[in-house]
Amino acid sequence: MSIIPQLIVNSIIAGAIYTLVALGFNLIYSTTKFFNLAHGAMAVVGGYVVFSLTRQLDFSLWLSIPVAILVAGVIGVLSDLLLFRKLRERKASSMILLVASLGLFTAIQAMIAILFTSQFQTLTTGASISTVYDVFGGAITQTQVVILATGLLIMAGIGLMLKYTKLGKAIQAVGDDEEVAKIVGIDTNKVIAIVFFIGSAIAGVAGLLVGFDTGLEPTMGLALLLKGIVAAIVGGVGSLYGGVLGAFLLGFVENFGIWHLSGEWKDAIAFVLLILFLIFRPQGIVKK
Amino acid sequence: MPTAVKIVVAVVVIILVGMAISAIQKKEVISGQPLRVGVLLPLTGKFSNLGEDLKNALLMASSDINKNGQKVQLTFEDSAADPKVAVLGAAKLLDANSVQLIIGGTGSSANLAVAPIMEMRKTPFFPLSATSKLNSAGTYTRKLLPDMDGEASKIAAYAFAQGARKVAILYDTSSDTHVIGKDVFSTVFSGLGGTITLVQGYDSKTTADFRSVLTRVKDVGPDAIYALAIEKVGGPLVKQARELGLTQPLYGFSALESDEFFNGSGLAAEGVVITAQPFSCDGAVAMQKYCLAFKASYPGRQPLLYGAVGYDLLFALALASEKYSPDFSKIIDEYKNNPSVYNLNGTPQLDAHGNVRTVDFTMRIVRDAKFVELK
Amino acid sequence: MEYLIHLAILFSIYAILGVGLNLVVGYTGLLSVTHAAFYGIGAYATAILSTVYDLNFFVTMLVGVVISGVVSLLIGLVLSRFDGDYYALAALGFNIIVYSIFLNWQSVTRGPLGIPGIDRPDFVSANWAFLIMSALFLIAIYYLAQYLGKSSFGRVLKAIREDERAIQVFGYQTHYYKLMIFVIGAMMAAVAGSIFAAYITFIDPSTFTLNESIFLLAIIILGGLANNKGAILGALFLILLPEMLRFVGFPTDIAAQMRQVVYGLLLVFLMLYRPQGLMGEYEL
């Protein structure tokens, strides 16, 4: 069937986007052990900062993108310093952290809607048609190639960092056992703050890439986040490579799944996948 | 009782008292002359662009009408195009603001939920919707936009005349109007001898990524695609269709006509053909004047069909109210005889009840990121 | 005055939902983020049966409760294998799946077109009478919840919340208890759904999304977990607060978003400074 190459391309693009969200989410989860729902908001922040800098203030793209990534990272750190750290110090349960992160997510999303209206925005100037490449019968745009490349680069980068740098080892130590890490002399709070920065920055990248590919809407955070969570859990929560595998598996299942069903069932398919994994292989594909 | 609870109860009591007071106060101000018009429209959500357009137009109309003394008084409430929110908004307009009639913005599910309430309160309701369900929603409801049926049959005939024999239809599953559009198109097109090879719904609430849906279209390889979408959604839909390699003619309907569409589609929209309603900034003199005034008051915003209809309606109501105030039922009768003062959306044809059933639909095509008349 | 009656009816519906959810989340400690699904089942049962088959409202409510019970039994069987965060995630997944069914099983639910023209029983055609009816339901459910909470069944639930393994040692089949309370909560939600459908006269899937489940969670967290009065108080506050913002004078387009900001910050501050809520005896 001539449509299979296109389905494969679609799956890979979706997988790359979910990977970006899952990577940051997994990093944060592995060190803090709670599901940070506010992570979705960082993606929206990243997208909208690029929007406001390029479309409203006329900055160049080369400047706006790094700034947006930085801002997303900073807001992530702030969320840790002002909220999550305080709750951690009080030994709050992970459910309290989850609900708090939910509140934060809702508030940030609504504030963005106030600042930028609920209008749908695109990051491309809209004047030109994007360059489209043909890959064995499947069409892929330039932006989508960038998404794929970015996803792989970041994944490789994080993987290398974790394995070979001192920071990376510290992150793994905190993830393994926070108490022991403290005893050994690691400043766990600082490590966690850095993890929040990196994770949120990656989410910001995801957000702005989606903005270039499809567009921005204040409500996009939740959908991205949920898919990222499904990817992370299916792949093995806390494991970075697992998250990547899970993300691509999700992308494929979604796209091939609706080939025979109708497109409207796409979300349901993603969550059926989640529940199946939770029942039959809750530790995910890659055990940690 | 713990202190926290005392605080909450105190807050609740204050809120209730405040609302009661504001309700009473407003009644005093209102015992004068102006027509109290409630407007329940989507200021948030996917129709927010259309809602904004209507709000701006009504504000402009009201300031024009009130130039020589206040004749209309507007109160706005967000419907969020959500039935629950709309019902509460309508209740607030009716009780706290004592409106004498309500104009409803786009969003058929919200309008359908509000219609029975207007019926119970015996208050006229003018929803800006095209769904034919509203034609029979109640004695107090009179819809303002023509039935979708006319647009769908016209474009089906056009597509067939252009040589298409196999068509794929895309539509937003959450819109009544779209469902009617897809059904009427299918019937007419099949009746002429064509086939509908794919009917694919999408959910505009959850995503702007239509690639999976469009891939199915690519799979069936139709001669043409009928894409039912509103402007905000149609933009990315058209762009992604072209990016995916779909080169077939793309057809749409009047809800696509807005600069918001081009925001999302860019140049990919070139050649898209739609059925359109008479309103256009390059149309009749009255329409041109309206557009100039609108752009002057709201720089950067393009005047759309919805605001134009609302503007016209408010003038019609204001004139009727001058003639017949305070006999309210005569005002509504007068509206049925003269529903449009400036004919900003052409000459609407009403049924016996007062619903707009049809206008002279025309066809437009995209050239250089603008809609122009298709000869 | 009518407006206040509208608010009161909505409040009573949400209070019923809150009390039901409280039994599952507050007493038993299960973070169920799928309550809106059962709310929806009750609403659709009433909507479909009264429009297509012209059945009496109370009959439709009974059918809705039964269907909700059966569906929750099935979902609950899967959910009871999970704990803590995973329970929440699986529950969330189920909410989305059920919502998808409401949206896409169009031959039954008419999908997003929704079901208009739902009737209410004649003796409550006036809104104030309807309010009395829904208030009576609320009172009945409140007392049922109180009774359950104070009974030995309720004590087992609280024990499960505190330390499930410990009570298993004593021979209690915790799976069974978790399942029972989940089903009971779901059936209460269906009652609220039927009332809602008859009141609004038009329902569509958009009311029964994940966001609604999250809103319900916020109600009982605010009010105080494991406290039925708290659940009712939480509903009162979270229904009135957005309405109050209507009168404050924000430009209308901003008002709706401001409500979300306030609601989000409220959750944050509650978790920071009063995680047990207004009247609660228990933190998450």
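Residues numbered from 1 in each chain as written. Chains lettered and ligands numbered in written order. Predicted model: local features only at pLDDT ≥ 70, side-chain atom pairs only at ≥ 80, totals over all residues. Heavy atoms only, no water.

Counting secondary structure elements, chain C contains twelve helices and zero strands. Computed over C-alpha atoms, the radius of gyration of chain C comes to 18 Å, within 12% of the 19 Å expected from 2.2 N^0.38 for 284 residues, which places it in the range of a compact globule. With respect to the three principal axes, the spread of C-alpha positions in chain C is 55 × 45 × 35 Å. Split into buried and exposed, the 284 residues of chain C put 68% on the buried side. When contacts within chain C are restricted to residue pairs at least 6 apart in sequence, long-range pairs at least 24 apart make up 78% of them. Counting only carbon and sulfur atoms, one obtains 67% of the accessible surface of chain C, whose full area is about 10000 Å². Averaged over its 13 positive side-chain charges, chain C has a centre that lies 7 Å from the centre of its 15 negative ones. (Helix = DSSP H or I, 4+ residues; strand = E, 2+ residues; numbered from the N terminus. Rg over C-alpha atoms; globule rule 2.2 N^0.38 Å. Buried < 20%, exposed > 50% of the residue type's maximum accessible area, 1.4 Å probe, protein only. Contact = heavy atoms within 4.5 Å. Areas by Shrake-Rupley, 256 points an atom, 1.4 Å probe, with all protein chains shown as cover. Lys, Arg positive; Asp, Glu negative; His and termini not counted. Charge placed at Lys NZ, Arg CZ, Asp CG, Glu CD.)

Take the packing of helix H6 (residues 166-176) of chain A against helix H8 (residues 188-213) of chain A next. Residues and elements named next belong to chain A. Closest axis-to-axis distance for the H6/H8 pair is 10 Å, and the angle between their directions is 105 degrees. Comparing their axes, H8 and H6 come out roughly perpendicular. Every residue of H8 that contacts H6 at Leu167, Ala170, Ile171 and Val174 is listed here: Thr188, Val191, Ile192, Ile194 and Val195. (Axes fitted to C-alpha atoms, helices over the stretch in contact; angles between N-to-C directions. Parallel < 35°, antiparallel > 145°, perpendicular 65-115°, else oblique.)

Let us now look at the interface of chain A and chain B. Taken together, the 35 residues of chain A in the interface contact 30 residues of chain B. Across the interface of chain A and chain B, roughly 2600 Å² is buried in total on both sides, 47% from carbon and sulfur atoms. Per-residue buried area on chain A facing chain B is highest for A:Gln119, A:Phe120 and A:Thr214; these three make up 21% of the total on that side. Counting across the interface, chain A meets chain B through two salt bridges. We note a salt bridge from A:Asp213 to B:Arg211, for which the minimum N-O separation is 2.6 Å. Connecting chain A to chain B are four residue pairs in polar contact (both at pLDDT 80 or more). When residues of the side of chain A that touches chain B are traced back to their parent elements, those giving at least two are helix H1 (4-32), strand S2 (138-141), H8, helix H10 (240-260) and helix H11 (266-280) of chain A. Broken down by element, the residue count for the side of chain A that touches chain B peaks at four residues, all from H10(A). Within the side of chain A that touches chain B, the residues separate by chemical class into 13 nonpolar, 17 polar and five charged. (Buried area = accessible area lost by both parts, 1.4 Å probe. Salt bridge = Lys/Arg side-chain N within 4 Å of Asp/Glu carboxyl O. Polar contact = N/O pair within 3.5 Å; in protein donor to acceptor, adjacent residues only side chain to side chain. Nonpolar A, V, L, I, M, F, W, Y, C, P; charged D, E, K, R; others polar.)

Residues and elements named next belong to chain B. Ordered in space as S6-S5-S7-S8-S9-S12-S13, the seven strands form an open sheet in which the pairing is mixed. The open sheet has two edge strands, strand S6 (195-202) and strand S13 (371-373), and neither has a second partner. On average, each strand axis in the sheet is tilted by 25 degrees relative to the strand beside it, whichever way the strands run. Running at roughly 170 degrees to S6, helix H7 (residues 211-220) makes contact with strand S5 (166-172), S6 and strand S7 (224-227) of the sheet. (Pairing = 2+ DSSP bridges.)

What describes two packed helices is the angle between their axes and the distance between those same axes. Residues and elements named next belong to chain A. The N-to-C vectors of helix H5 (residues 142-164) and H8 enclose an angle of 170 degrees; their axes lie 10 Å apart at closest approach. Taken together, the axes of H5 and H8 are roughly antiparallel relative to one another. Contacts between H5 and H8 involve Thr143, Gln144, Val146, Ile147, Thr150, Ile154, Ile158 and Met161 on the former and, on the latter, Ile198, Ile202, Val205, Leu209, Phe212 and Asp213. For the contact of H5 with H8, the per-class residue count stands at ten nonpolar, three polar and one charged.

By the element assignment, C:Asn127 lies in helix H6 (residues 127-150). Take C:Asn127: its relative accessible area is 6%, and that puts it in the buried class. Residues in contact with C:Asn127, not counting those within four places in the same chain, are B:Met120, C:Glu2, C:Ile5, C:His6, C:Ile9, C:Arg120 and C:Tyr199.

To continue, consider the state of the cysteines. Residues and elements named next belong to chain B. Across all of its chains, the model carries one disulfide over all chains by this definition. Disulfide partner of cysteine 281: cysteine 291, at an S-S distance of 2.0 Å. Across the S-S bond linking cysteine 281 and cysteine 291, the dihedral sits near -80 degrees, which makes this disulfide left-handed. Of the two residues, cysteine 281 sits in the loop between strand S9 (273-276) and helix H10 (285-297) while cysteine 291 sits in helix H10, which places them ten residues apart along the sequence. (Disulfide = S-S within 2.5 Å.)

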